[in-house]
Amino acid sequence: MMLARLPHPETPRAAPDVTPAQMAFINHIRFVKMACRTKPQTHLFEACALLHVEGTKSKEAHSDALVRCLPEALGTPVRLHAPRVTEMSFDENWLLRLASAIAHDDDASIGFLLRSRVAPEHRRLVRFLVGRISECFSLV
């Protein structure tokens, strides 16, 4: 009798129901996180004010601001996997759900996701940054 072989508990598992566009969004955030490792953490209000003053609309600038400020907004370090890992952390899954809710104009889900993790004073700015980044991907 042959027993079925179970996967090793640390074997990365693909996130269920993730489209290629959604995976591209997460991998983009992961690459930005790697590039930001040597940059200092910045405050969310300062980062958004700088984006506004510079008038930048680039995906990279908004992603950089989000990644560098997200720990402040969540009040905890953010766990992001290396690019191209198929497994998704809780933080990555949350970001993806928020970006998808914004892309679909699902205000109830957006409100729930922001209230569940983001300090009240940071919700508007996190929504703005994630929304600007998600515009660059086909999450609809």
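Coordinates for the structure precede this section.
Residues numbered from 1 in each chain as written. Predicted model: local features only at pLDDT ≥ 70, side-chain atom pairs only at ≥ 80, totals over all residues. Heavy atoms only, no water.

Formed by 32 residues in total, the largest nonpolar core has its most connected members in Phe25 and Leu98. The element contributing the most residues to this core is helix H4 (residues 90–103), with 7 residues. Apart from the residues lying within four places of it in its own chain, the contact partners of leucine 98 are Ile110, Leu113, Leu114, Val126 and Val130. (Core = buried A, V, L, I, M, F, W, Y, C linked by side-chain atoms within 4.5 Å. Buried < 20%, exposed > 50% of the residue type's maximum accessible area, 1.4 Å probe, protein only. Helix = DSSP H or I, 4+ residues; strand = E, 2+ residues; numbered from the N terminus. Contact = heavy atoms within 4.5 Å.)

Here H4 spans 20 Å end to end across 14 residues, near enough to the 20 Å set by a 1.5 Å rise per residue. Summarising burial for H4: 10 of the 14 residues are buried, a large majority. All of the buried residues along H4 are Asp91, Glu92, Trp94, Leu95, Leu96, Leu98, Ala99, Ser100, Ala101 and Ile102. Buried positions along H4 lie against helix H1 (20–36), helix H3 (59–74), helix H5 (107–117) and helix H6 (123–134). Following H4 by one or two positions, aspartate 105 has its phi on the positive side, about 55 degrees. (Expected span 1.5 Å × (residues − 1).)

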